[in-house]
Structure formats: C-alpha cells, structure tokens
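# Structural overview for review
Chain by chain, the residues:
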Amino acid sequence: MTDMDDAMWLGRVRWITYALLVVATAVSTIAAPSLGDAAADVRITLAVAAVTMLWMVVTPHPGVVHYVGRTTLAFLLCLLNPLFAVFAFIGYVDAHDSLRGRWVHVGVAAVAVTQAGAQSGGLPPEDAGQAGLFVILLLINGGLASIFLRFALEYEETIHAMGRLNADLERTLAENAELHEQLVSRAHEDGVAQERQRLAREIHDTIAQSLAGVVTQLEAAVGGERQERALTLAREALREARRSVLDLAPEALEGTDLPAALEALVHGRQDEGEVRAEVTVTGSPVPLHPEVEATVLRVSQESLANVAKHARASRVGVTLSYGDDEVVLDVRDDGVGFDPEQPTAGSSFGLRGMRQRAERLAGVLTLESSPGDGTAVSLRLPALAREAA
C-alpha cells in the first residue's frame, strides 16, 4: 500500500468514526426512554458524547493518545447507554494503525470488553446469568476481533511483500536497462574496432602490398626521369598506405604501446567490478606490427570477457612475453573450468574467433581447461616488426 493509499484509508476511517458517534448518539437519545434503567440521563450522555467528539477532533489520528482516549470514552458511553456499542466498534478497525506490537491486542481486548458489556446489558453484571452472557459475548467478540486482526496483519504483510517485490523488480529493470546500454555500447565499440581492423587488413593486403611490388619493380628497372618520377610517387603512396594502416589500429593502442594498453584494459575490467586481474610483462617490449598488437589486444579482451561471463573466477593472470622471434600472451584464471571438447554455446564462437585471428597471422592459439581447474589461453604470434607494415 502506498503512502497515498494509507492517507486515503485513514481519512475514510476518521470520517466513519465521526459518523458512527453521531449515529450512536442519535439512536441512544431516541431509544433512551424505552431502555429504562439501562440508560443514564440523556443530558449526561450527550455531554460525554460532545467531549468524545472534541477529543477526536483535537487529537491526531491515528495515534496512541487518540486511540486510548477514544476507547476510554467509548467504554464510558456504553456504561451510560449500551447502544453506544455501535460507536465502540471502530476500535477494531484502526487498532493496527494506532498501536504497535502487543498493544494492538490489548486495545482490541479493551474494545471486546466494551462491546460484550454493552451487549449483555451493561457493566458490572447484575447476576450470574448476565455474567455468563457477558463471558460468552466477550469470547465471541474477542474471537472475531482476533480473526479480523489476523486477516489485517496478513493483508498488510502481503502488501508490504508486494511493495518489496515491486521495488526489486524496478531495481532489476533499471539494472537490465543499464546492462543493455553497456552491451549496446560495447557492441558498437567492438563493431567500430573490427571495421577499423578490417580496413587496415584490406589496405595492407591490397594497396600497400601492390605498391610495395610496384616500388620493387621500379627500383629494378632501367633508370630514367619518368621512372624516377613514378618511383617517387609509388614510394609516397606506400608511405600513405602504411600510415593509414597505423591510423586504423585499435583506439586502445593510439598514443600508447601494447603493454600500457593491456594494463589499461585489465584495470578497466576491474573498475567494472569483474574478477581481480594482474598483468605481467616479460622480455624487452618492442613496437610490433599493428595487426600483431591489435590481435594480442583483441584476444585479451575476448579472454577476459569469457572469464567474466563463464569462469566464476576470483582472479586471473595476464602475461605478455616478448621473445626474439615471437610474442606470447597467456591468460589464466582459477575458475570452474570446462571440457574443451564440449565448449559452451556462449564461448565457442569467441574461441573460434580468437583462433581465426591467430591463424591469420601464422600464429597459434591453444586452450587448456578441465572442470574445476580453471582455464588457460595461450596465444603465440610471430614478432613482426612495425616496419613490416
């Protein structure tokens, strides 16, 4: 139940309370002559009813002070005229709103005593028969009140539980929306990076290679002014093609070297709340062919993504080793592992893509894993110099 619903409910109870007092006062006044000794002087009854109305107006509702004072006055009114039991009934309705804990049951019991006393002919009982009737009516009123109170408590608990579920659902929806935005952003970034890499490969494999061949042929040809001019133009075009290949390297490698880019990648993963990772660089870092560096970085990204999605690991180690003829990347985690012969649907495509990247550069990607023993991904690539671009 929302705060607005609570306010509406309490407002209605307040007006119902006023209405019941007015009705009970009118009925008891009209019926007083026929009740005889069971009803007190009408003037006294009206005075107490007026005090009760004033009390309800000046005290906050709901509240302990309001409830205790009103219930006491309702008991007094029922002693003066049993027909005020109509008004005393309201104590069952708002006991849970006004009182807390065990005091709710105390308040309901007080109302049950008031109701039973009025219904049995007034308090105290004049004889054993009236006393017996009082006890029976007290048990009936108390039992019914307890049942209604239990229903009210269960209803409120259900409402609160639904409120908590709604809050959890809203929080989950917000988290899903944020995750969706992150996935869309990553997909866009990956798409841009893949397109940049594709264009770099195209330029390298077609234009740059063709221009390199042209330069080689021109250098071997017989000299001459036109041949020298063509050679100059071809060399300039080759430099531009190589510059384009370098410019299309992954954004993470722009303005930095591969070890620093790898460190930034791992630290970025940790900032996103993923597993704890450490980077180790061995050997002497040297600038490598842009596509070699891009492949190392992409395989690192995919491996770390697989660890975050599937491994349930607490830590992962990333090692980049520079050798004379090759560069080696190792990514090892302490996660749950899996059977490489039966990869999961979510990871098989990523592994296949990493192998394709390695094979494209005459490299090798190996995978070692077993259930419960973590996973190790190893990438070995030729250490092509940057000048080979």
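Our structure's up above, just so we're on the same page.
Residues numbered from 1 in each chain as written. Predicted model: local features only at pLDDT ≥ 70, side-chain atom pairs only at ≥ 80, totals over all residues. Heavy atoms only, no water.

Going residue by residue along strand S4 (residues 364-369), you find Leu-365, Leu-367 and Ser-369 tucked away on one face and Val-364, Thr-366 and Glu-368 left uncovered on the opposite face. Taken together, the 6 bridges between S4 and strand S5 (residues 375-382) define a ladder with antiparallel strand orientation. Bridged to Val-364 within S5 is Arg-380. Between S4 and S5, which pair antiparallel and follow one another directly, the connecting turn spans 5 residues, one of which, Gly-372, has a positive phi of 90°. (Buried < 20%, exposed > 50% of the residue type's maximum accessible area, 1.4 Å probe, protein only. Helix = DSSP H or I, 4+ residues; strand = E, 2+ residues; numbered from the N terminus. Pairing = 2+ DSSP bridges.)

So, about the packing of aromatic side chains. Summed over the entire model, instances satisfying the criterion amount to 2 aromatic pairs. Summarising the aromatic geometry, the rings of Trp-15 and Tyr-18 are spaced 5.5 Å apart at their centres and angled 80° between planes, so their arrangement reads as edge-to-face. You can see Trp-15 and its partner Tyr-18 sitting in helix H1 (residues 3-35), 3 residues apart, about one turn around the helix. On the accessibility criterion, Tyr-18 (13% relative accessible area) is buried. Ring centres of Phe-89 and Tyr-92 lie 5.6 Å apart, and the angle between their planes is 85°; this geometry places the pair in the edge-to-face category. (Phe/Tyr/Trp six-rings, centres within 6.5 Å; stacked < 30°, edge-to-face > 60°.)

For the rest of this paragraph, the subject is the pattern of salt bridges. Tallied over the entire structure, the rule returns 6 salt bridges. Arg-43 is the salt-bridge partner of Asp-41, the closest N and O atoms lying 3.2 Å from each other. Several salt bridges converge on common partners, so that one network encompasses Arg-276, Glu-278 and Arg-315. (Salt bridge = Lys/Arg side-chain N within 4 Å of Asp/Glu carboxyl O.)

With that settled, consider the nonpolar core. Formed by 34 residues in total, the largest nonpolar core has its most connected members in Leu-262, Val-296, Val-318, Val-327, Leu-329, Leu-379 and Leu-381. At 7 residues, the largest contribution of residues to this core is made by helix H11 (residues 290-311). In terms of nonpolar packing, the next biggest core, distinct from the first, is built from 18 residues, Val-13, Ala-85, Phe-87 and Ala-118 among them. (Core = buried A, V, L, I, M, F, W, Y, C linked by side-chain atoms within 4.5 Å.)

Here we come to the side chain of Ser-303. Tracing the backbone shows Ser-303 in helix H11. Ser-303 sits in the buried class, given a relative accessible area of 3%. In contact with Ser-303, other than residues within four places in its own chain, are Val-331, Met-354 and Val-377. (Contact = heavy atoms within 4.5 Å.)

The sheet built from 5 strands is open, its strands ordered S1-S2-S3-S5-S4 with mixed pairing. Two strands close off the open sheet at either side, each with one partner strand: strand S1 (276-282) and S4. The average angle at which neighbouring strand axes cross in this sheet is 10°, direction not considered. Direction of pairing for S1 relative to strand S2 (residues 315-322): parallel, over a ladder of 7 bridges. Each bridged residue has a counterpart across the sheet, and for Val-281 the counterpart in S2 is Leu-320. The sheet strands contacting H11 are S2, strand S3 (326-333), S4 and S5, and the helix crosses S3 at an angle near 10°. (Axes fitted to C-alpha atoms, helices over the stretch in contact; angles between N-to-C directions.)

Topologically, Leu-20 is positioned in helix H1. Each residue touching Leu-20, except ones within four places of it in the same chain, is listed here: Val-86, Phe-87 and Ile-90.

Viewed as axis vectors pointing N to C, helix H3 (residues 64-80) and helix H7 (residues 103-119) meet at an angle of 15°, and their least axial separation amounts to 9 Å. One element, H3, and the other, H7, form an angle in the roughly parallel class. Of the two elements, H3 crosses H7, and the hand of that crossing is left-handed. Where H3 approaches H7, its residues Tyr-67, Thr-71, Ala-74, Phe-75 and Cys-78 are matched on the opposing element by Gly-107, Val-108, Ala-110, Val-111, Thr-114 and Ala-118. (Parallel < 35°, antiparallel > 145°, perpendicular 65-115°, else oblique. Left-handed = near helix turned anticlockwise from the far one by under 90°.)

On to a nonpolar patch on the surface. A surface patch of nonpolar side chains, amounting to about 610 Å² of accessible area, comprises Ile-136, Ile-140, Leu-144, Ile-147, Phe-148 and Phe-151. With respect to the helices and strands, Leu-144 occurs in helix H8 (residues 128-220). (Patch = residues over 30% accessible without salt bridge, like charges linked within 9 Å, V, L, I, M, F, W, Y side chains within 5 Å. Areas by Shrake-Rupley, 256 points an atom, 1.4 Å probe, with all protein chains shown as cover.)

The next subject is unusual backbone geometry. Cis geometry is adopted by the peptide bond preceding Pro-62, which originates at His-61 and carries an omega value of 0°. With phi around 55°, Arg-312 is a residue other than glycine that occupies positive phi space. Residue classification places Arg-312 among the exposed residues on the basis of a relative accessible area of 69%. One non-glycine residue, Ala-362, lies in positive phi territory at about 60°. Mapped onto the fold, Ala-362 is located in the loop between helix H12 (345-360) and S4. The class for Ala-362 is exposed, based on a relative accessible area of 66%.

In this fold, His-66 is placed in helix H3. Residues His-66 and Trp-55, spaced 11 residues apart in sequence, show a C-alpha to C-alpha distance of 7.5 Å. Beyond its immediate stretch of four places on either side in the chain, His-66 contacts Trp-55, Met-56, Thr-59, Pro-60 and His-61.

The next subject is helix H2 (residues 42-58). Helical geometry: 3.6 residues make up each α-helical turn, so side chains three or four residues apart lie on a common side. Its 17 residues give H2 an end-to-end C-alpha distance of 24 Å, which sits within 8% of 24 Å, the value for a rise of 1.5 Å per residue. The residue sitting at the N-terminus of H2 and contributing the capping side-chain oxygen is Asp-41; that oxygen lies 2.7 Å from the backbone nitrogen of Arg-43. (Expected span 1.5 Å × (residues − 1). Polar contact = N/O pair within 3.5 Å; in protein donor to acceptor, adjacent residues only side chain to side chain.)

With that out of the way, let us pick up H7. With 17 residues, H7 should reach 24 Å at 1.5 Å per residue; the first-to-last C-alpha distance of 24 Å fits that figure. In the segment just after H7, Gly-121 is the residue with positive phi, at about 110°.

The next subject is the pairing of S5. Within S5, 6 of the 8 residues are buried, which leaves it mostly tucked inside the rest of the structure. Pairing geometry for S3 and S5, over 8 bridges, is antiparallel. Looking at the pairing, Glu-326 lines up with Pro-382 of S5.

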